[in-house]
Amino acid sequence: MTELLCHLFGDYVFQNQWMADNKVKRWFPAIVHATVYTAMFLTVTQSIVALAIIGSTHAVIDRFRLARYWVEWFKIGIGAPDFLRVWLLIIVDNSFHLAINHAALIL
């Protein structure tokens, strides 16, 4: 439960509009966002390896919008209304982050 809260606060509560708008365009905003995001996990681990995995993968997933490629590759939501396709992207993106975070934390 704690790692879910870390994810939610790091990815939504403490992400400002500048980060959200620019993390997919340039590395610097993606790294700033990933650093703020990763800082939330200091409440559950001090493992440098786990924090490095969480932060680096978060930056890469967000910077390149990897969820979009997954959705396109597996043709998820084909024919669905636009609002539903947006939610599918959000769900896939969160699933990636949560799975990686969990794996990093149980190392």
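Up top is the structure these notes are about.
Cut-offs and rules
Residues numbered from 1 in each chain as written. Predicted model: local features only at pLDDT ≥ 70, side-chain atom pairs only at ≥ 80, totals over all residues. Heavy atoms only, no water. Helix = DSSP H or I, 4+ residues; strand = E, 2+ residues; numbered from the N terminus. Rg over C-alpha atoms; globule rule 2.2 N^0.38 Å. Buried < 20%, exposed > 50% of the residue type's maximum accessible area, 1.4 Å probe, protein only. Contact = heavy atoms within 4.5 Å. Areas by Shrake-Rupley, 256 points an atom, 1.4 Å probe, with all protein chains shown as cover. Lys, Arg positive; Asp, Glu negative; His and termini not counted. Charge placed at Lys NZ, Arg CZ, Asp CG, Glu CD.

(A) Representation of the overall build of the chain in the model. A tally of regular secondary structure across the chain gives six helices and zero strands. N-terminal to C-terminal, the α/β element order of the chain is α-α-α-α-α-α. For 107 residues, the compact-globule estimate of 2.2 N^0.38 gives 13 Å, and the C-alpha radius of gyration of the chain, at 14 Å, lies within 12% of that figure. Considered along the principal axes of its C-alpha atoms, the chain spans approximately 45 × 30 × 20 Å. By residue count, 34% of the 107 residues in the chain fall in the buried class. The long-range fraction of contacts in the chain, counting pairs at least 24 apart against all pairs at least 6 apart in sequence, stands at 66%. When the accessible surface of the chain is summed, it comes to about 6600 Å², and 72% of that surface belongs to carbon and sulfur atoms. Taking the average place of the 8 positive charges on the side chains of the chain and the average place of its 7 negative ones, the gap between the two points comes to 8 Å.

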